[in-house]
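The primary structure of each chain is shown beneath.
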Amino acid sequence: MSFVSVEFLAFTAICTAGYYLIPKRCQWVWLLIFSYIYYLAQGPQYIFFILFATVVTYLGGLWAENGSKAAVPVTLLLDFGMLAAVKYTNFMIGNLNGLFGTEIREMKLLLPLGISFYTFQATGYLLDVHWKRIRAERNPFRFALFLSFFPQILQGPIGRYSRLADSLYAEREFDMDRILRGMYRIVWGFFKKIVIADNAALYVNTIFDQYATLRGYGLLGVLMYSAQLYGDFSGGIDVVCGIAEMLGITLDENFRQPFFAVSITDFWHRWHITLGTWMKDYLFYPISLSGWMGRFGKWCKKHMGKSVGRTMPICAANVIVFLVVGVWHGPAWHNIAYGLYNGVIIGVSGLLAKNYRDIRKRLGIGKDSRWFFIFQILRTFALVNISWYFDRAGSVGQALMMMRDSILRFSFSINVVDAGACWSGSPAVTFAAIIFGCAVLFLHSIMEERGTDVGEVLRQKPLPVRFAVLLLLVLSLVLIGSEPLSQGGFIYANF
Amino acid sequence: MDELIEILEDIQPDADYETCTTLIDDGILDSFAILSIVSELEDAYDIRITPAEIIPENFNSAKALYEMVQRLQG
């Protein structure tokens, strides 16, 4: 049941209506039932995996709270062991065969939808209990809802128990304002997904899948991939947050105008925020503060001086974290290259931060220089787009070849896509729809970046204005939207 | 306290550590700065700071950091 389907909208409507009609003390149970129905509808075979993660982490949490030293490693081993088994077994087999010439047959494995998201959420819960930031949940069914809340389970945002739990289990009165806020956000999410992402996907798939013949179109392909990925992922998150809002549940935000970032570090503070903060709290800090990293730090301070020595372990931890981010994106070397690329840039930037400050002082570039600010945004956008080559290409070789061809054989044509693949029969119309969608998104982003809550501004407008905007968005979906091409409806649903 | 503020100013010079109580909430200290501070505090005060201590409440102000150091010194 994809988000972009009539079935899903009907499912959400029934869930929301029932939620406010039943006795309030049963509301969280209602959500649990609908969450499991939703998950079962994705494929009954997937249910084993989420039940396993739920039972293991629930018991692990209680065990950790009792002060057991074995609780965390054993629970993590089981949770991540399951994730690794389904996601990385064939990658390992392929590499073993390649390295040693063996002929081990790849296995037919299921990749349960949303497995990374609920595994990460479970891990965060376990470590928070271990670090005594929260108390372990006593009720297994309440814990099951925390891991399975249905709009969130497929592609996040990755929730924290300390912020999400009370919101999930609270008793709520019907509130029309909240319902409307949620509906606006859902429509806005569908606009980003259907008008921008799914139209851009036509260009992305054509250029990246036929890169050997369509040489030189890489720049167009990667810019379209920027639009597709942002529209798809942030649009999906808008739908998730909109549904949660209708149910009175506030989820953590996952995006904050990422393409206005002034550095790669800043980009990761704005893009997939809940993954970034998860990695920071549960991987980056533990690695950086581990005994072996402490010894490495002391060695660095002794041999490289105080400042560099202090920064080196942090850079090394960063590279390790982004290596994991790369592996998380998929079991392939081009994903690992994507992670390392980000990690190395952030690590080197950290090492050279003082040098950058000195150079800026010498050049007389003040903190408030508008031109330098715009230069930083454009530089970051270029660096991010280079990373997308690794992310979207099928191999590191393909990514490098497309980068080279983007410069040495630069070509541009909006007719590069097959007219038959376009819903309108015309690549020009599809291209115009993408530009229109991106222009609307750009204006929206500028307003949000300047601190304007666009949704709130709209809500304060007279009814006819609100209706006209909503109508325009809905009509855009119908008139210039495209069919979803990605499996499961959304790209990140396959993680 | 003066020694601690000196450490902070050496790592991230652009902040008023005497008065600011939102070093984390306002993004003045990022994860690089936090870990640099941890590294210096561990050396200067002979303490061990674990991941469990890396919460905004401990890093939002110089005073909070000082209290954490005193607590860890036991």
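Residues numbered from 1 in each chain as written. Chains lettered and ligands numbered in written order. Predicted model: local features only at pLDDT ≥ 70, side-chain atom pairs only at ≥ 80, totals over all residues. Heavy atoms only, no water.

Undergrad: Mind showing me how you'd approach the overall build of chain A here?
TA: Within chain A, the secondary structure is distributed over 20 helices and zero strands. For a compact globule of 495 residues, the expected C-alpha radius of gyration is about 23 Å, and chain A comes in at 24 Å, within 12% of that figure. Over its C-alpha atoms, taken along the principal directions, chain A stretches across nearly 65 × 65 × 60 Å. By residue count, 52% of the 495 residues in chain A fall in the buried class. Each charge class in chain A can be summarised by its mean position, and for the 44 positive and 31 negative side chains these summaries are 11 Å apart. (Helix = DSSP H or I, 4+ residues; strand = E, 2+ residues; numbered from the N terminus. Rg over C-alpha atoms; globule rule 2.2 N^0.38 Å. Buried < 20%, exposed > 50% of the residue type's maximum accessible area, 1.4 Å probe, protein only. Lys, Arg positive; Asp, Glu negative; His and termini not counted. Charge placed at Lys NZ, Arg CZ, Asp CG, Glu CD.)

Undergrad: Just checking my understanding: could you explain the domain arrangement of chain A for this structure?
TA: A common way to state how big an interface is: give the accessible area lost once the parts meet. Residues and elements named next belong to chain A. As far as domains go, chain A holds domain 1 (6–174) and domain 2 (178–494). Between domain 1 and domain 2, the contact holds 41 residues from the first and 37 residues from the second. Buried area between domain 1 and domain 2, both sides added, is near 3,300 Å², and the carbon and sulfur share of it is 66%. Looking only at domain 1, the three residues that lose the most surface to domain 2 are Gln155, Pro157 and Arg160, adding up to 20% of its buried area. Here domain 1 is connected to domain 2 by two salt bridges. One salt bridge in this structure joins arginine 160 and aspartate 281, with 3.0 Å as the shortest N-O distance. (Domains from an automatic or database assignment. Contact = heavy atoms within 4.5 Å. Buried area = accessible area lost by both parts, 1.4 Å probe. Salt bridge = Lys/Arg side-chain N within 4 Å of Asp/Glu carboxyl O.)

Undergrad: Help me understand the pattern of salt bridges, please; the structure alone is not making it clear to me.
TA: Pairing between side chains of opposite charge can happen when the charged atoms of each approach one another. Tallied over the full model, the rule gives 27 salt bridges over all chains. Close ionic contact of aspartate 266 of chain A with arginine 270 of chain A constitutes a salt bridge, the shortest N to O distance being 3.3 Å. Pair noted here: aspartate 266 of chain A and arginine 270 of chain A are both in helix H10 (residues 264–270), with a separation of four residues, about one helical turn. Arginine 270 of chain A carries the same exposure label as aspartate 266 of chain A, and that label is buried. With its nearest N and O atoms 3.1 Å apart, the salt bridge here joins glutamate 67 of chain B to lysine 63 of chain B. Here the residue glutamate 67 of chain B and the residue lysine 63 of chain B both occupy positions in helix H4 (residues 62–73), the gap between them amounting to four residues, near one helical turn. Of the residues examined, glutamate 67 of chain B reaches a relative accessible area of 41% and is grouped as partly exposed. Given the relative accessible area of 53%, lysine 63 of chain B is considered exposed.

Undergrad: Sorry, what's going on with the nonpolar core here?
TA: Soluble globular proteins: nonpolar side chains tend toward being buried together. With 160 residues, the main nonpolar core has Phe146, Phe149, Ile249, Trp268, Trp271 and Trp388 of chain A together with Leu41 of chain B as its most contacted residues. Of the residues that make up this core, three or more belong to each of domain 1 (6–174) and domain 2 (178–494) of chain A. (Core = buried A, V, L, I, M, F, W, Y, C linked by side-chain atoms within 4.5 Å.)

Undergrad: What is the right way to look at the interface of chain A and chain B in this model?
TA: Each side of the interface is counted separately: chain A has 22 residues, and chain B has 20 residues. Together, the buried faces of chain A and chain B total about 1,800 Å²; carbon and sulfur atoms form 61% of this surface. Considering only the surface of chain A that becomes buried against chain B, Tyr285, Leu289 and Arg310 of chain A emerge as the three largest contributors, covering 37% of it. Where chain A touches chain B, the interface holds five salt bridges. The salt bridge partner of arginine 310 of chain A is aspartate 10 of chain B, with a shortest N-O separation of 3.5 Å.

Undergrad: Quick question: what am I supposed to make of the environment of arginine 310 of chain A here?
TA: The topology assignment puts arginine 310 of chain A in helix H13 (residues 306–329). We classify arginine 310 of chain A as buried; its relative accessible area is 9%. A sequence separation of 143 residues divides arginine 310 of chain A from serine 167 of chain A, and the C-alpha atoms of the two residues are 40 Å apart. Look past the residues within four positions of arginine 310 of chain A in its chain and what remains in contact with it is Lys301 and Gly305 of chain A together with Asp10, Ile11, Ser36, Ser39 and Glu40 of chain B.

Undergrad: I would appreciate a short explanation of the packing of aromatic side chains in the present structure.
TA: Each pair of aromatic rings is reported with the distance of its centres and the angle of its planes. Residues and elements named next belong to chain A. Inspection of the entire model under this criterion finds 51 aromatic pairs over all chains. Measuring from ring centre to ring centre gives 5.9 Å for tyrosine 203 and phenylalanine 431, while their planes differ by 65°; the resulting arrangement is edge-to-face. Of this pair, tyrosine 203 sits in helix H8 (residues 176–209) while phenylalanine 431 sits in helix H18 (residues 427–449), and the two are 228 residues apart along the sequence. Judged by its relative accessible area of 0%, tyrosine 203 falls in the buried class. Taking the relative accessible area as the measure of exposure, phenylalanine 431 reaches 16% and is therefore buried. Taking NZ or CZ as reference, arginine 142 lies 5.8 Å from the ring centre of tryptophan 28, over its face. Here the basic side chain of lysine 192 rests over the ring of tyrosine 230, its NZ or CZ set 5.4 Å away from the ring centre. (Phe/Tyr/Trp six-rings, centres within 6.5 Å; stacked < 30°, edge-to-face > 60°. Lys NZ or Arg CZ within 6 Å of the ring centre and 35° of its normal.)

Undergrad: Explain the packing of H13 of chain A against helix H14 (residues 333–351) of chain A here, please?
TA: Helix-helix packing is characterised by the crossing angle of the two axes and by the distance between the axes. All names here are of chain A. Axis separation between H13 and H14 bottoms out at 7 Å; the angle between their running directions is 160°. Of the possible angle classes, the one that applies to H13 and H14 is roughly antiparallel. For the crossing formed where H13 meets H14, the hand is right-handed. Of the residues in H14, those touching H13 at Val308, Thr311, Met312, Cys315, Asn318, Val319, Phe322, Leu323, Gly326, Val327 and His329 are Asn335, Ile336, Tyr338, Gly339, Leu340, Asn342, Gly343, Val344, Ile346, Gly347, Gly350 and Leu351. Residue composition of the contact of H13 with H14, grouped by class: 13 nonpolar, ten polar and no charged. (Axes fitted to C-alpha atoms, helices over the stretch in contact; angles between N-to-C directions. Parallel < 35°, antiparallel > 145°, perpendicular 65-115°, else oblique. Left-handed = near helix turned anticlockwise from the far one by under 90°. Nonpolar A, V, L, I, M, F, W, Y, C, P; charged D, E, K, R; others polar.)

Undergrad: Before we go on, may I ask you to explain a nonpolar patch on the surface in this structure?
TA: Residues and elements named next belong to chain A. On the surface, Trp299, Met304, Val308, Leu323, Leu340, Val344, Val348, Leu351, Leu352, Tyr356, Ile359 and Leu363 cluster together to form a nonpolar patch covering roughly 990 Å² of accessible area. Along the chain, valine 348 falls in helix H14. In this structure valine 348 comes out as partly exposed when scored by relative accessible area, which is 38%. (Patch = residues over 30% accessible without salt bridge, like charges linked within 9 Å, V, L, I, M, F, W, Y side chains within 5 Å. Areas by Shrake-Rupley, 256 points an atom, 1.4 Å probe, with all protein chains shown as cover.)

Undergrad: Which parts of the structure should I look at to understand empty space enclosed by the protein?
TA: In this approach the atoms are scanned with a rolling probe the size of a water molecule, which exposes any empty space left behind. Residues and elements named next belong to chain A. Counting across every chain of the model gives two cavities of 30 Å³ or more. Counted as a void, the largest cavity has a volume near 60 Å³. Contributing elements (two or more residues each) for the lining of the largest cavity: helix H5 (115–130) and helix H6 (140–148). Put simply, the second largest cavity is a space of about 40 Å³. As for the second largest cavity, its lining consists of Gln152, Gly159, Arg160, Arg163, Leu164, Thr250, Leu251 and Asp252. Residue contributions to the lining of the second largest cavity reach at least three from each of two domains, namely domain 1 (6–174) and domain 2 (178–494). (1 Å grid on protein atoms, 1.4 Å probe; cavity = no way out; pocket = protein on both sides within 12 Å on 5 of 7 lines; lining within 4 Å. Points joined across faces, edges and corners; volume = space filled by probe spheres on them.)

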